[in-house]
Amino acid sequence: MRKSALILLGTSVLLSACGGGGLFNRQRPDEFAVQRQAPLVVPPDFALVPPAPGAPRPTDQGTAAQAQSALFGPPAPRSGVETSVNQLSGQAAPSIRSTVGDPATQTVAKGDATRDIIAAPEGDGREAQTTVGN
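The rules behind the values
Within any chain, residue numbers begin from 1 and follow the written order of that chain's sequence. Reporting in this predicted model follows two pLDDT cut-offs: at least 70 for local features of residues, and 80 or more for side-chain atom pairs to be given and counted; totals over whole chains, interfaces and linings ignore these cut-offs and use all residues. To obtain the side-chain values, all non-hydrogen atoms of the structure were used and water was disregarded. For helices the rule is a DSSP run of H or I covering at least 4 residues; for strands it is a run of E covering at least 2, with both sets numbered from the N terminus onward. Accessible area is worked out with a 1.4 Å probe on protein chains only. A residue is then buried under 20% of its type maximum, exposed over 50%, and partly exposed in between. To measure how exposed things are, a 1.4 Å probe is used in the Shrake-Rupley method; for residues, cover is taken only from the protein chains shown.

Visitor: Would you mind showing me how to read the overall build of the protein chain here?
Guide: Scanning the protein chain for helices and strands turns up 6 helices and 0 strands. Traced from its N-terminal end to its C-terminal end, the protein chain shows the element sequence α-α-α-α-α-α. Classification of the 134 residues of the protein chain by burial places 0% in the buried group. Surface summary for the protein chain: the accessible area is close to 14,100 Å², and the carbon and sulfur share equals 61%.

Visitor: Would you mind going over helix H3 (residues 63-72) with me for this structure?
Guide: The periodicity of an α-helix, 3.6 residues per turn, causes residues three or four places apart in sequence to face the same way. Counted residue by residue, H3 has 0 buried out of 10 residues, so it is predominantly exposed. In the segment just after H3, Gly73 is the residue with positive phi, at about 80 degrees.

Visitor: Sorry if this is basic, but what is going on with helix H4 (residues 80-89) here?
Guide: Of all 10 residues that make up H4, 0 are buried, and the element is exposed over most of its length. Following H4 by one or two positions, Gly90 has its phi on the positive side, about 75 degrees.

Without other data, these values stay purely geometric and don't point to any function.
Written as structure tokens, this is what we have:
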């Protein structure tokens with residue numbers, strides 16, 4: 001009896017070492033530890049100069065303006081006609097928006113033809129019809 005208990009105890013000790021392994025729960029290698037890391041390098045000198053005192057900051061321009069300038073370049077110079085029209089037109093009154101919407105503002109009636117042209121439906125005109133007046 002003692003001999004069989006001793007054999008049973010020895011067998012269980014030997015088999016307990018195999019208990020953690022198995023086909024599906026084995027340790028797999030870490031894929032991040034396998035690759036070799038590149039050494040750190042000092043970046044090259046890009047010859048950056050500090051900004052001059054009082055100079056405009058490069059980030060003062062908004063992102064929309066930066067995108068527009070990257071896509072279309074700097075603003076084109078105005079022609080002589082455009083410059084003279086701008087000078088002759090002058091500045092708009094600051095209250096122009098409220099004055100236009102005021103019911104007391106005097107307007108010029110352009111007639112029924114202009115109203116009909118503005119109210120015409122969109123399309124290529126295939127359904128348009130003409131009538132001859134009497």
